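Summary of structural features
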Number of protein chains: 2
Amino acid sequence: MKPVKVGLCGLGTVGAGTLNVLKRNAEEISRRAGRQIVIDLVSIRRPRPELDLAGIRTTTDIMDVANDPDIDILVELIGGYDNAHELVMTAIRNGKHVVTANKALIAVHGNEIFAAARENKVMVAFEASVAGGIPIIKAIREGLSANTIQWVAGIINGTGNFILTEMREKGRDFADVLKEAQALGYAEADPTFDVEGIDAAHKLTILGSLAFGIPLQFERTFTEGISRIAPEDVTYAEALGYTIKHLGIARRTVNGVELRVHPTLIPTKCLLAAVNGVKNAVMVQGDAVGPTLYYGAGAGAEPTASAVVADIIDVTRTLTADPNNRVPHLAFQPDHLSDLPVVQVDEIETAYYLRMQVKEKPGVLAQITRILSDAGISIEALLQKEHGTANAPVIILTKQVREGNMNQAIAAIEQLDDVQGQVTRMRVEHLDLA
Amino acid sequence: MKPVKVGLCGLGTVGAGTLNVLKRNAEEISRRAGRQIVIDLVSIRRPRPELDLAGIRTTTDIMDVANDPDIDILVELIGGYDNAHELVMTAIRNGKHVVTANKALIAVHGNEIFAAARENKVMVAFEASVAGGIPIIKAIREGLSANTIQWVAGIINGTGNFILTEMREKGRDFADVLKEAQALGYAEADPTFDVEGIDAAHKLTILGSLAFGIPLQFERTFTEGISRIAPEDVTYAEALGYTIKHLGIARRTVNGVELRVHPTLIPTKCLLAAVNGVKNAVMVQGDAVGPTLYYGAGAGAEPTASAVVADIIDVTRTLTADPNNRVPHLAFQPDHLSDLPVVQVDEIETAYYLRMQVKEKPGVLAQITRILSDAGISIEALLQKEHGTANAPVIILTKQVREGNMNQAIAAIEQLDDVQGQVTRMRVEHLDLA
């Protein structure tokens, strides 16, 4: 078969990685794909003498790639929303297949993009948009297609996981580790997307849609970052047999679908708790298969390129397939997406970790536990630390409770004269103990 | 599109699971596949009143399914070699696609079966043959298709892993745990396939071919089981920071491909070491993606059915695809398989764990370490236990060495007057420490 011609937009970290992988593994790749995959055109903002672009046409205008009649597949690696959106929509309208690593684009504009792709009978592949090199989209969309998915829970931001791992292993505080992560190049100069959970929320939005067959609803994904986790919470969690991880959780419940990203206490003996540093891992629980886990590098030039190139090969296969019989973009046929509602955060049910400073005198604990019990909240464990000091921290683990009830109980506890300041709270998930 | 008609051969554990999953998740599955998937005909040896076969034709002869003109996809779940071989070949010659969970069949007859499938333009899908519900074949064949795979290492026999987990966690001995595994239904009455590593070798043969693009070569896969692991080896390994797992390892080396299944010491902090009980997990190291891991249930009715049904959906997609542009059975185009040789076991390079009983008197250790050093073998660690007894165990961890050299050194050590009986040996792999 004749070579497939790829147009590459964006020659940053992942773009250069894609160039390298396609060149280094050219023979391996064509032995698999059954034809050559050739980068024919790249858009490039400034000269990059360190990259070998021999035999590749270049342009400074990304739209040239979308409009080039020779290009079969446009690879979008410029990132961000606006330019990428226009680029991808133009490519689709021109009948080009698209491969993208852009989670923000898919989470925010995916519904529109997939509708246009369907209309124009092209594929938009986005494996690299979630968890880098881990083929998690393929696993959910194809590998587990026999299952009713019950939940997905993942460590899907490497920067956040690096920070939490350092806090846990070395007792360091958040700001300190963040500075190191920036120096190491793991975190951006503006770390908001990573540490406030926005990047993870983009990815979770995508995973939730794939798992449950619902339209992408980034605006309904509850998002909380890691910037307020204190070193003592890491220590107390550990003492109780838990590890704090920043998780994206998508869960099917009787009320609809929970989509939430937040720091979470998980049992230390759970496999996810052993995923350290910049690595990512996603657990998927299906009704037939039970718990499964997928682990690997969630970012970086070549791991992300691994997913980009796998997508190019997948698209190459579908070039000769009936457009109506391809794997659907969101795992379910577009005319059979579900209208399962996304549950409001008040309606979420989880267990809780609470930490509060109390004056050590008789009756305080009785008042607190009374408030919890009146709200129908059962206590799993209670620790009182540093006895003998005037203000002692009290740590409480609760059983499962509706978040709205917990909010009311916390407000009541904070009203008590003998409780100082705010109650620190984190959600607790037991997942599968596997 | 019109429903796809499936003929099911074999209504044992996995067959009944497949029936249940297809019925329970019928709506979810057709929302994904874009059409209904219907079991139209089953072969059944004896009446099964507990199964709901309403609306399904039955026959007592499996060959009826292979010859039925209405059947699009034959699902082979009868197991074993001979009947399954004839059944699958007949189905292929009749132009039917095949889905099978039969690792023995694929490992031993796969080359012939895939050639026939190609000639008849049908697919033979076998995701369920390795690691049950974990979509590991899809991950290697499609998800990591951009990579030159460097090695694959997996816990791919649940019975064996259950036994090793019990030995480690409870200090029990092999025979004792095996009896319990048989009582629990994890191990067969004849446990040879599981405990002697044959089942794992079938699976590793398949993984090796997918990873490196070589023909299936079960007869060249080196196989060693777990029946000779002593409780004290589990304890000593632990003391040295290692856990004993029964691994299948396929590795690309300068001399060719290593294909081997054997008990292996791996660092306890490695994620694979935390995979316990009947669960399976496979690590795959690609040159672009780095280390990745896939974890889940490796056996059981519904986990295996999850893979069988996913394969049925995959085959359904390819019904409208160009037969020459499908994902190749062994990941690489059949006319581009590699003739990389499988390395003889003598040529394998690994580190070693050795245990021997020595008379405690001056000079014995000097003799042993001299033999190792003369053979060019470096020592990583040496433990002498139970000082003061007449016969003390000595445990040695070596650095990487050619197996042939190690065999010679062991023979020489066993000749020493002060070394009692045979030297116990196990291979040590550091994998990635991730």
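Everything quoted here is computed from the prediction, not taken from an experiment. (Residues numbered from 1 in each chain as written. Chains lettered and ligands numbered in written order. Predicted model: local features only at pLDDT ≥ 70, side-chain atom pairs only at ≥ 80, totals over all residues. Heavy atoms only, no water.)

**With respect to the relation of the copies chain A and chain B**
- Structural alignment of chain A on chain B gives an RMSD of 0.0 Å, achieved by rotating through 180 degrees and translating 0.0 Å along the axis. Both copies are brought into coincidence by an operation consistent with a two-fold rotation axis.
- The share of interface residues of chain A whose copies in chain B are also at the interface is 100%, consistent with both copies meeting through the same surface. (Least-squares fit on C-alpha atoms with pLDDT ≥ 70 in both. Contact = heavy atoms within 4.5 Å.)

**Thoughts on the interface of chain A and chain B**
- Contact residues are listed per partner, giving 64 residues for chain A and 64 residues for chain B.
- Run the count over chain A and chain B and you get six salt bridges.
- In this structure, Arg252 of chain B and Glu28 of chain A form a salt bridge, with 3.4 Å as the shortest nitrogen-oxygen distance.
- Taken together, the connections running from chain A to chain B amount to 35 residue pairs in polar contact (both at pLDDT 80 or more).
- Where the side of chain A that touches chain B is concerned, the elements lending two or more residues are helix H1 (13-24), helix H2 (26-33), helix H6 (136-143), helix H10 (198-212), strand E12 (290-297) and helix H12 (301-318) of chain A.
- Top element by residues in the side of chain A that touches chain B is H12 of chain A. It accounts for nine residues.
- Residues that form the side of chain A that touches chain B fall into these classes: 31 nonpolar, 18 polar and 15 charged. (Salt bridge = Lys/Arg side-chain N within 4 Å of Asp/Glu carboxyl O. Polar contact = N/O pair within 3.5 Å; in protein donor to acceptor, adjacent residues only side chain to side chain. Helix = DSSP H or I, 4+ residues; strand = E, 2+ residues; numbered from the N terminus. Nonpolar A, V, L, I, M, F, W, Y, C, P; charged D, E, K, R; others polar.)

**Section: the sheet that holds strand E4 (residues 73-76) of chain A**
Residues and elements named next belong to chain A.
- Strand order across the open sheet formed by six strands is E3-E2-E1-E4-E5-E6, with parallel pairing between neighbours. Lying at the two open borders of the sheet, with one neighbouring strand each, are strand E3 (57-59) and strand E6 (124-125).
- Here strand E2 (residues 37-43) runs beside E3; their pairing, made up of three bridges, is parallel. Counterpart to Leu41 in the pairing with E3 is Arg57. (Pairing = 2+ DSSP bridges.)

**What to know about the domain arrangement of chain A**
Residue and element names in this part refer to chain A.
- Looking at chain A, the domain boundaries give domain 1 (4-133 + 301-326), domain 2 (136-297) and domain 3 (349-428).
- Centre-to-centre separation of domain 2 and domain 3, based on C-alpha positions: 26 Å.
- In this assembly, 17 residues from domain 2 lie in contact with 15 residues from domain 3.
- At the boundary of domain 2 with domain 3, total buried surface from both sides reaches about 1,400 Å², with 64% on carbon and sulfur atoms.
- The largest per-residue losses of area from domain 2 upon contact with domain 3 belong to Tyr236, Leu240 and Leu265, which jointly make up 44% of the total buried on that side.
- Counting the contacts that link domain 2 with domain 3 gives three salt bridges.
- Put simply, Asp233 and Arg355 hold a salt bridge, and the shortest N to O gap is 2.5 Å. (Domains from an automatic or database assignment. Buried area = accessible area lost by both parts, 1.4 Å probe.)

**Side note on the pairing of strand E15 (residues 391-398) of chain A**
All names here are of chain A.
- Here E15 lies mainly inside the structure; seven of its eight residues are buried.
- Where strand E13 (residues 349-359) lies against E15, seven bridges are found, and the strand directions are antiparallel. Looking at the pairing, Gln357 lines up with Pro393 of E15.
- When strand E14 (residues 379-384) meets E15, the two strands line up antiparallel, connected through five bridges. Its bridge partner being in E15, Ala381 is matched across the sheet by Leu397. (Buried < 20%, exposed > 50% of the residue type's maximum accessible area, 1.4 Å probe, protein only.)

**A few points about the packing of helix H2 (residues 26-33) of chain B against helix H12 (residues 301-318) of chain B**
Residue and element names in this part refer to chain B.
- The N-to-C vectors of H2 and H12 enclose an angle of 30 degrees; their axes lie 11 Å apart at closest approach. As summarised for this structure, H2 and H12 are arranged roughly parallel, according to the angle between their axes. Of the two elements, H2 crosses H12, and the hand of that crossing is right-handed. Residues Ile29, Arg32 and Ala33 of H2 form the contact with H12, whose participating residues are Val309, Ile313 and Arg317.
- Within the contact of H2 with H12, the residues separate by chemical class into four nonpolar, no polar and two charged. (Axes fitted to C-alpha atoms, helices over the stretch in contact; angles between N-to-C directions. Parallel < 35°, antiparallel > 145°, perpendicular 65-115°, else oblique. Left-handed = near helix turned anticlockwise from the far one by under 90°.)

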